[in-house]
Amino acid sequence: QGEFKRGTLLMGDGAGNFIASTKAGLSSANTFCILCDSVTIGENEYAEVGGYFEGEFNDARVIFPFETESDDHDTLVEAVREPLRKSKIFLRHLHP
């Protein structure tokens, strides 16, 4: 439940549903996607939304639900790079 912004990393639960990604899920999930549009979901609710299942994405714009203010985003990008690559999701550093 909660607000999920466009660019949030989701992971498959194995039953065709997607949930907010977790650090533990990076090694166990076999499917990932990046949320296409922002959505708010209430308790015990589901929503049908679009997701990007492959492609190249700006690493600075991907939202990791497990990221805290004390985390370094670039370090997290490196940690997720390999699991996402297996799903054909490539994070690229884009220069302004």
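Model, not experiment: these values are computed from the prediction.

Student: Let's hear about the pairing of strand E8 (residues 89-92): which residues, and what values?
Tutor: Judged by which residues are buried, E8 turns out to be one-sided: Ile89 and Leu91 face inward and are buried, whereas Phe90 and Arg92, on the alternate face, are not. Relative to E8, strand E7 (residues 55-58) runs parallel, the two sharing 4 bridges. Bridging from a neighbouring strand, phenylalanine 57 pairs with leucine 91 of E8. Note that the unit made of E7, helix H2 (residues 73-86) and E8 has a crossover that is right-handed.

Student: Any chance you could break down the sheet that holds strand E6 (residues 51-52) for me, citing the residues and the numbers?
Tutor: Sheet architecture is open: 4 strands sit in the order E3-E2-E4-E6, paired in antiparallel fashion. Two strands in the sheet have a free side with no partner beyond their single neighbour: strand E3 (18-20) and E6. Of the strand pairs in this sheet, strand E2 (residues 9-12) and E3 are connected by 3 bridges, and their pairing is antiparallel. Residue glycine 12 lies in a different strand from E3, and its bridge partner there is phenylalanine 18.

Reading the values: the criteria
Here, residues in each chain are numbered from 1, in the same order as that chain's written sequence. Where totals are concerned, whole chains, interfaces and linings use all residues; where local detail is concerned, this predicted model gives features only for residues with pLDDT of at least 70, and gives and counts side-chain atom pairs only at 80 or more. The side-chain values count all of the structure's non-hydrogen atoms but skip hydrogen atoms and water molecules. Partly exposed describes any residue whose relative accessible area lies between the buried limit of under 20% and the exposed limit of over 50%, with all areas from a 1.4 Å probe on protein chains only and scaled to the type maximum. A run of H or I in DSSP becomes a helix once it reaches four residues, and a run of E becomes a strand once it reaches two; helices and strands are each numbered from the N terminus. When DSSP finds two or more bridges between a pair of strands, those strands are recorded as paired. When the strands point away from the viewer and the path from the first strand over the helix to the second turns clockwise, the crossover is right-handed.

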